[in-house]
Amino acid sequence: MIKHIAVKAVLIYPEFDTQDTFWSYSTSLEMYAPSSEFGLPKRLLPPLGLMGLYTHLKPYYQSLSLIDKNIDPRPLKQLISDADHVFMGGMLAQEQSLLKLALEVKQLGKLLIIGGTVVTPQSPLVPIADHLIENEAEGVIDELLQDIILGKAKKYYKGHFVPPEQFFQPDYRSIKLQNYMHMAVQISRGCPESCEFCDIPLRFGKAYRVTPFEQTAKSFQQLKQLGWLGQVFVVDDNFIANPRKALEVLKNLYQIGEKIGYHHPKYTELTLRLADDSTIMQELRYWFHKAHFINGFYGVETPNKASLLETKKTQNLRGERSLVDKLNYISEQTGAGVMIGMIYGFDHDTTESVEPFIDFVNATNAPIVMAGLLNALPYTGLMRRLEKEGRTIQLSSGNNSDGVINFIPYHFSVKQAEQNYLHILEKIYYPKAFFTRVMRHLKLIDPDLQTNYRATDNNFSQLVKILSKNNAYIYWRYLPMALAIAKKRSGFSRLRYKTILAEYFSLCGQYSHFSAQIKVQQKQIAKRDYQTQHKTSWLALQKSIEVD
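Procedures and definitions
Residues numbered from 1 in each chain as written. Predicted model: local features only at pLDDT ≥ 70, side-chain atom pairs only at ≥ 80, totals over all residues. Heavy atoms only, no water. Disulfide = S-S within 2.5 Å. Buried < 20%, exposed > 50% of the residue type's maximum accessible area, 1.4 Å probe, protein only. Pairing = 2+ DSSP bridges. Helix = DSSP H or I, 4+ residues; strand = E, 2+ residues; numbered from the N terminus. Axes fitted to C-alpha atoms, helices over the stretch in contact; angles between N-to-C directions. Phe/Tyr/Trp six-rings, centres within 6.5 Å; stacked < 30°, edge-to-face > 60°. Lys NZ or Arg CZ within 6 Å of the ring centre and 35° of its normal. Expected span 1.5 Å × (residues − 1).

Draft legend 1. A look at the state of the cysteines. Across all of its chains, the model carries zero disulfides by this definition. C191 carries a free sulfur, and the closest cysteine sulfur to it, the one in C198, is 6.4 Å from it. A relative accessible area of 10% places C191 in the buried class. What makes C198 partly exposed here is its relative accessible area of 27%.

Written out as structure tokens, the structure is:
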């Protein structure tokens with residue numbers, strides 16, 4: 001039997017350092033969604049990692065509470081007044097908030113434990129926290145807690161890749177589900193790919209570790225019991241990293257939906273390998289549909305073949321189909337929408353490659369496009385290479401849509417890179433370009449994947465807001481096209497008709513955020529003070545050195 005370590009622990013999820021990010025949807029949530037319990041806008045996703053830690057800590061404390069500071073504006077002093085221990089976890093994009101809260105926690109005399117992907121030996125959090133855990137906490141958290149009991153706890157613990165049976169099991173009762181737009185479940189960790197800019201293989205390994213079926217079933221069962229019928233983000237690093245195991249996961253998810261009497265609409269991250277012509281990928285596409293995945297996020301990165309080879313994204317070059325055809329094929333075969341991640345700033349990118357980049361995006365059926373400037377993240381092959389070459393300028397903020405590049409690009413300057421990036425955003429989110437992609441999307445998705453979900457979604461007030469607030473004239477302009485597609489695709493089913501229109505209005509609501517983010521970028525880039533090193537490409541700098 002585990003001995004209680006103390007009376008109460010409070011788990012704190014810090015605010016993100018800025019809501020001006022692609023994935024925050026802050027503008028849309030503030031404009032269209034009902035407020036959360038404390039009057040702030042709802043957030044897109046809950047703090048899944050801390051929800052798992054919450055479950056694991058139950059035997060160690062008499063009382064636990066989990067606070068998401070993105071939702072709860074109450075003073076920290078009030079929230080942790082009766083706490084013995086405070087646990088905090090977060091990502092690089094939350095580092096400044098973590099620092100601020102960590103200092104407050106220590107000023108209040110509480111024992112502070114910090115984990116999450118923000119933790120490295122070089123982190124400014126190291127001198128503040130009592131104890132820190134780097135990488136996966138499951139393998140070392142018990143050791144830390146026992147060491148605290150014995151009075152011999154170390155400052156720093158480094159986690160390792162744990163077997164999936166040890167993955168934390170989130171308790172969805174630890175939060176109020178109504179504060180979030182979507183829920184989250186993690187089924188697997190790890191990715192075998194070797195993309196130079198990505199830190200996932202180092203942080204979570206190349207092996208595809210899958211949560212035991214029983215644990216995944218418990219998560220979906222609990223969500224259903226708590227009344228959650230909305231979307232669920234399967235937050236895996238690469239859902240099809242191991243195709244054979246992924247196929248088993250999809251079949252299990254289908255069985256879970258049948259057992260609980262509801263198939264939650266799901267989305268996840270995966271690669272363009274799903275478009276391959278192999279037998280296993282054909283089976284995966286079939287079961288992706290059966291398991292009610294309504295969207296997938298694909299790291300396309302760039303249409304520039306030389307840049308894909310440079311960054312070792314060779315999986316995107318498999319087969320005879322073009323990248324555009326692959327995205328269309330995936331939607332045709334699965335009925336699911338496609339979201340894509342795009343990156344500008346590779347060494348083989350030039351100013352001349354900007355327009356082909358834009359033309360590629362606007363030829364796809366992906367309404368939602370997360371375009372970012374390339375950034376070198378800690379521990380990646382890209383960071384190691386650029387540091388060796390002497391090209392790094394600063395650490396990344398962790399916000400891949402902040403319009404900042406943190407190294408000297410090869411063919412153009414930092415200033416030019418950021419101006420080119422702004423041009424890309426403006427062109428891919430120009431209303432005609434965006435809504436042309438929306439219409440392609442509406443023609444390809446399978447409305448039956450969402451009919452049960454949409455049947456429970458009768459938020460008339462949200463629809464009124466979308467059609468009467470910012471950008472409403474744009475939404476009215478393209479509504480007849482959406483109506484025509486809905487009529488053609490629904491047959492005699494009113495629910496299918498409603499589903500396609502609901503998807504259109506959802507994308508209208510999301511567009512409000514994207515258009516607002518472009519204005520933020522325009523203002524931020526316009527006021528940047530570019531130093532000399534920001535106005536020269538690496539190539540030009542090397543040539544000037546040779547001349548000297």
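Draft legend 2. Quick peek at the sheet that holds strand β1 (residues 6-13). One open sheet accounts for six strands, arranged β2-β1-β3-β4-β5-β6; its pairing is parallel. Here the strands that pair on one side only, and so sit at the sheet edges, are β2 (61-68) and β6 (156-158). Pairs of neighbouring strands in the sheet enclose a mean axial angle of 15°, with direction left out of account. Examined bridge by bridge, strand β5 (residues 131-134) and β6 share three bridges and lie parallel to one another. Note on β6: the bridge partner recorded for E134 is K158.

Draft legend 3. The arrangement of the packing of aromatic side chains in detail. Overall, the coordinates contain 23 aromatic pairs when judged by the stated rule. With a centroid separation of 5.2 Å and an interplanar angle of 10°, the aromatic rings of Y344 and F412 are classed as stacked. Taken together, the residues span a long stretch of sequence, with Y344 in strand β13 (residues 337-344) and F412 in the loop between α13 (381-389) and α14 (414-428) at a distance of 68 residues. There is no split in this pair, since Y344 and F412 are both buried. Through successive ring pairs, a cluster of aromatic residues spans F22, Y25, Y429, F434, F435, Y475, Y478, Y504, F505, Y511 and F514. The lysine or arginine in question, K154, covers the ring of Y157, its NZ or CZ lying 4.7 Å from the ring centre. Positioned above the aromatic ring of Y429 is the side chain of R437, whose terminal nitrogen or guanidinium carbon lies 5.6 Å from the ring centre.

Draft legend 4. How the structure looks around helix α4 (residues 95-107). For α4, built from 13 residues, the straight-helix expectation of 18 Å at 1.5 Å per residue is met to within 8% by its first-to-last C-alpha distance of 18 Å. Listing the buried residues of α4 in full gives E95, S97, L98, L99, L101, A102 and V105. A positive backbone phi angle near 75° is found at G109, which sits one or two residues after α4.

Draft legend 5. Spotlight on the sheet that holds β13. Spatially, the six strands line up as an open sheet ordered β7-β10-β11-β12-β13-β14, and their pairing is parallel. The sheet is open, and its two borders are formed by β7 (183-185) and β14 (369-373), each paired with just one other strand. For this sheet the average axis-to-axis angle between neighbouring strands, irrespective of direction, equals 20°.

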